[in-house]
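Understanding the architecture of this molecule
Chain by chain, the residues run as shown.
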Amino acid sequence: MECKLSNNVNVEALKAKHVILHESNFEPKEIYRGYADRSLYVNLTTNEVKVKPISEEMKNKFIGGRGYGMKYLWDAVNPDTRWDSPENEIIIAQGPIGGITQYPGAGKSYVVTLSPLTDLPIDSNVGGYFGPLSKFCGFDALEVQGKAKRDVIIFIDGDNNKVTIEEAPEECVNSHILAEVLTEMYADSEEDKRNVSVVSAGLAAENSRIGLLNFSYYDLRRKKCKLKQAGRGGIGSVFRNKKIKALVVKKTGVKGDLNNPYDMDTIVKLGLKLHREIYENDKDQCWMRVHGTTQLIDAMTPHDLLPVNNFQYGQHPEALKLGKNSFEKMFDLGKPDGCWYGCTLACAHALKDFEIKTGPYKGQKVFTDGPEYESLAGCGSNCGIFDPVALVETNFYCDTYAIDTISFGTTCAFIMECYERGIIDQEVTGGLDLRFGSWEAQMELMHQMARGEGFGVVAGQGIHRLKRLFVEKYGLDRAFLEDIGMEMKGLEFSEYITKESLAQQAGYGTANKGPQHDENWLIFMDMIRNQMPTFEDKAEALHYFPLFRTWFSIVGLCKLPWNDIMPADNHLTDEPAKVPEHVENYVALFTAVTGKDFSKEEMLLQSERVYNLQKVFCLKMGKGLREYDYPPYRSVGPVTVEEYESRKELYDKQLIEKVGVDPEGLTVEDKIQALRKYREEQYQTLLDAVYKRRGWTLNAIPTLEKLKELDIAYPDVVEVVSRFL
Amino acid sequence: MKIVASKPELCIGCKACEEACSKVLFKDTDAEKSAIRITPINGEGYDINVCNQCGECIDICPVQAIYRNKNDIVMIDKDKCVHCYACAGFCPLLAMRYHKDVVGPFKCISCGACTRACGTGAIFLEDIIY
Ligand code: SF4
Ligand code: SF4
Ligand code: SF4
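Residues numbered from 1 in each chain as written. Chains lettered and ligands numbered in written order. Predicted model: local features only at pLDDT ≥ 70, side-chain atom pairs only at ≥ 80, totals over all residues. Heavy atoms only, no water.

With that out of the way, let us pick up the overall build of chain A. Across its full length, chain A carries 30 helices and 17 strands. Rg of the C-alpha trace for chain A: 24 Å, near the compact-globule value of 27 Å for 725 residues, within the 12% margin. A sequence separation of at least 24 residues applies to 72% of the contacts in chain A between residues at least 6 apart. In chain A, the 87 positive side-chain charges and the 107 negative ones have mean positions that sit 2 Å from each other. (Helix = DSSP H or I, 4+ residues; strand = E, 2+ residues; numbered from the N terminus. Rg over C-alpha atoms; globule rule 2.2 N^0.38 Å. Contact = heavy atoms within 4.5 Å. Lys, Arg positive; Asp, Glu negative; His and termini not counted. Charge placed at Lys NZ, Arg CZ, Asp CG, Glu CD.)

Okay, structure coming up:
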């Protein structure tokens, strides 16, 4: 397989090798008030392509985006289906607000599939133009089922109303090349390139369970494809297992009104207000337009929230090297960096002429998207690596090889801790010297993953399976690995230290898909501002925020313009953490697009339906009970003597004031045990309160009353729940 | 380049400029469709708001729809524009306009019609170099 850079590639020759397996036309369809009311179904086993109508019932109940994804997947799979079963689907859906150009952050797609890491439905949000463009072709969702025999491209041609499935044997699968090659191949001209978007994976996605999907969009000024990632849960591994090389969409003539909304005037006015807020306030608030999410390194470190050396510590003297000042110098700034038209929060910064030092692209200068906070913390500080230039390369390879920087980083950190503690050695790692701080070893691990070789393939199975291997094959202490292996339900933790925030521990712990922060980020409210002193307060937040945040995923919006920019007087409102004015904007926006009456209450109800369906789905797939919400102790408190000692004063004080134990004269081990007993009890008490607030049993099962209240008590849903009640 | 410059102290608020502009841009007399805007300041004189052709909006546009024409005037290519209004939100002077009956943003094209309609010399074309 040719894996050279695009300017060395003969696109015509590659295209000549394509074999058309299916070609069909579809009726054009205009969007009405945010909806096409159709989905495109593709089966790669049979090469069947169908245009499916979307019923009013589906639309009213599940709204779009993740809602559609969950419902389609629910209908497609049975409890025995696994990620690599042919009936597993990858669904990419947009949501009614998705595709408007006037309100920042309206270009997101939501991807749903059964995860190879968790065996549960996973959902991941992603920018880039694929979602909006495929909606403008007349589809609210794309469902791909079945498995191809050989590598294929699915091409949705919205200009000629045609879908093809093409065998594509020769293109390199690595995304930074493939996106460029296919954009060139399917666009008619340089100007036309912005009308093409490519979804692709990469070599490491094929050999691991942590593969991601890249969604491209063409940057007119830099004349390069930029990539945004549907990162979590191994979706890219499913994609490559189905032998999908790429999805390509083409649609020319994007304008601001293609959603055919009910009330354009309101949409523009809301958008203008937010653009101005960003113009005026970004540099007093988050500096997203300059630093992107790298500023979070600077924000987390002073509060002991940045994971260092596998979540043992919350800060490091070198941490700020990975922060905003380093990247402000490296980023190619001053150009529109939104991942869809009209996003002036523009967090998606890139670097040009970046020289690669390792692997197959060694010595080449590449244009590359810059690392996000999660990548810097996961592959950087959490692995003891503090060189920002090195991290750009780590991020480049994770993207082009298509693996999730969070799962890769957290897994690597776990391996490094085992290695440093001497409980695994080079015999296990195949000779890799995986100490904290060793970037070279980290990169070699990743290159092995891409080549399908050695310990890289083993590591690519994720922490859950590594723990089992280390216990069963090498006889390691299971209890210790359970304490320090930062995964739940099979998914690796994203990159925040939660030891001092009980609410966030449960935020991670109760998240349907596994420990990812998109459902909850409560640390500042809980730990720093102490705004939720009681269990009930925390439970209320753990009810409200997951539902509120789920709503972005069903309507097609990005979460960042909700609270990474705020009105200047937000702190004077009753509930600043909710950003009330922006919530009002969203309520108005929904009506302005769909023409439907809407309210804050209705917003939560829409989410709650999808959220509960996803919960029942977890039960259907064999996880989802309370016991799956128990976290590794490392996320709750100090596991080791070193961790305890690193914040001894804090912990000793807590023993006296909260636990009622005098630390004087106790060994550190005894103190750890006393603190652990207390914290684990607190966690269980909070779980009780959360489940109660959500209308679930104490075993985390949605009650029949709850399902009826939400109007989703379908026979097959009730059947699953009844088994456990 | 020629920009519309002003001496607000000479403005009497007759709004003849707004009407002239609206006519040139949209063959209409709706003052809301004018690129130049006259606003009374608390009963004490008038604020005159119009684009100074600074060009900041050029770099904001995601589709390169905004450009300088051969006279260096900042123009919008309607065919390319995707109506995101980023340019309007990010104009330092708030001189990029929106009107609900007009598709896409609009702005001063420095034609001088308003200056010719002004009877007091409060607005005039001025040659400047950026
Ligand atoms: S804030 Fe960033 S991720 Fe969100 S839509 Fe804008 S550019 Fe994309
Ligand atoms: S519209 Fe605003 S940003 Fe654009 S040239 Fe005029 S004054 Fe400058
Ligand atoms: S509204 Fe049109 S001209 Fe203005 S920034 Fe958006 S695309 Fe460019």
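Turning our eyes to something else, we now look at the site of ligand 1. All names here are of chain A. Close to ligand 1 lie G105, K108, K228, D337, G338, C339, C343, L345, A346, C347, C558 and L560. Residue composition of the shell around ligand 1, grouped by class: seven nonpolar, two polar and three charged. Per-domain counts for the shell around ligand 1 show at least three residues from each of domain 1 (11-250) and domain 2 (284-492). (Near = heavy atom within 4 Å. Nonpolar A, V, L, I, M, F, W, Y, C, P; charged D, E, K, R; others polar. Domains from an automatic or database assignment.)

This part is about the packing of helix α24 (residues 580-594) of chain A against helix α25 (residues 600-620) of chain A. Residue and element names in this part refer to chain A. Remark: α24 packs on α25, axes separated minimally by 10 Å, with the N-to-C direction vectors making an angle of 80°. By the criterion of interaxial angle, the relationship of α24 to α25 is roughly perpendicular. Judged by residue contacts, V583, E584, Y586, V587 and F590 of α24 engage K600, M603 and Q606 from α25. Its residues assigned to classes, the contact of α24 with α25 shows five nonpolar, one polar and two charged. (Axes fitted to C-alpha atoms, helices over the stretch in contact; angles between N-to-C directions. Parallel < 35°, antiparallel > 145°, perpendicular 65-115°, else oblique.)

Residue and element names in this part refer to chain A. Its domain assignment divides chain A into domain 1 (11-250), domain 2 (284-492) and domain 3 (502-724). Relative to domain 2, the C-alpha centre of domain 1 lies at a distance of 26 Å. With 48 residues of domain 1 in contact, the opposing surface of domain 2 contributes 42 residues. Interface area, domain 1 with domain 2, both sides summed: about 3,800 Å², of which 57% is carbon and sulfur. Interface area lost by domain 1 to domain 2 is led by I210, R222 and R232, which between them contribute 20%. At the boundary of domain 1 and domain 2, one finds five salt bridges. A salt bridge links E372 to K228; its shortest N-O distance comes to 3.9 Å. (Buried area = accessible area lost by both parts, 1.4 Å probe. Salt bridge = Lys/Arg side-chain N within 4 Å of Asp/Glu carboxyl O.)

So, about the sheet that holds strand β2 (residues 38-43) of chain A. All names here are of chain A. Strand order in the open sheet made by the six strands is β3-β2-β7-β4-β5-β6, with mixed pairing throughout. Two strands bound the open sheet, and with one partner strand each, they are β3 (48-53) and β6 (121-126). In this sheet, neighbouring strand axes are inclined to one another by 15° on average, regardless of whether the strands run parallel or antiparallel. In this structure, β2 lies alongside β3, joined through six bridges in antiparallel fashion. (Pairing = 2+ DSSP bridges.)

Attention shifts here to the interface of chain A and chain B. Each side of the interface is counted separately: chain A has 24 residues, and chain B has 24 residues. For the pairing of chain A and chain B, the buried interface totals around 2,000 Å² over both sides, and the portion due to carbon and sulfur atoms is 59%. In terms of surface lost to chain B, no three residues of chain A exceed A:R221, A:K255 and A:R276, which account for 27% of the buried area on that side. Inspection of the region where chain A meets chain B yields zero salt bridges. Across the chain A-chain B interface, the total number found is 15 residue pairs in polar contact (both at pLDDT 80 or more). The leading source of residues in the side of chain A that touches chain B is helix α8 (residues 264-281) of chain A, at nine residues. When its residues are assigned to classes, the side of chain A that touches chain B shows nine nonpolar, seven polar and eight charged. (Polar contact = N/O pair within 3.5 Å; in protein donor to acceptor, adjacent residues only side chain to side chain.)

Residue and element names in this part refer to chain A. One finds L182 and F470 to be the most contacted residues of the largest nonpolar core, which totals 181 residues. Sort the elements by how many residues they give to this core and helix α14 (residues 405-420) lands first, with eight residues. Every residue in contact with F470, bar those within four places of it in the chain, is listed here: F414, C418, I424, V428, F455, G475, L476 and L481. Judged by nonpolar contacts, the second largest core, of 92 residues, contains L274, A539, F552 and Y683. (Core = buried A, V, L, I, M, F, W, Y, C linked by side-chain atoms within 4.5 Å. Buried < 20%, exposed > 50% of the residue type's maximum accessible area, 1.4 Å probe, protein only.)

One pass over the full model with this rule turns up 38 aromatic pairs over all chains. Ring geometry for A:Y644 versus A:Y651: centroids 5.1 Å apart, planes at 40°, classification tilted. The pair formed by A:Y644 and A:Y651 is uniform in burial state, with each residue classed as buried. Considering the side-chain rings of B:Y85 and B:Y98, the 5.3 Å spacing of their centres and the 85° angle between planes classify their relative orientation as edge-to-face. Taken together, the residues span a long stretch of sequence, with B:Y85 in the loop between β5 (74-76) and α3 (86-90) and B:Y98 in the loop between α3 and α4 (113-117) at a distance of 13 residues. Each member of the pair, B:Y85 together with B:Y98, is buried. Members of the aromatic cluster, connected to one another through ring pairs, are A:Y103, A:Y544, A:F545, A:F548, A:W551, A:F552, A:W562, A:Y586, A:F590 and A:F598. Seen from the ring of A:Y35, A:K59 lies directly overhead, with NZ or CZ sitting 4.5 Å from the centre. (Phe/Tyr/Trp six-rings, centres within 6.5 Å; stacked < 30°, edge-to-face > 60°. Lys NZ or Arg CZ within 6 Å of the ring centre and 35° of its normal.)

To continue, consider the sheet that holds strand β11 (residues 213-219) of chain A. Residues and elements named next belong to chain A. Strands sit in the order β1-β9-β8-β13-β10-β11-β12 across an open sheet of seven strands; the sheet is mixed. Edge positions in the sheet fall to β1 (19-25) and β12 (224-230), since each has one partner strand and no second. Across this sheet, the average inter-strand angle for adjacent strands is 20°, counted without regard to direction. By the bridge criterion, six bridges tie strand β8 (residues 152-157) to strand β9 (residues 162-167) in an arrangement that is antiparallel. In the strand pairing of β9, I156 is matched with V163.

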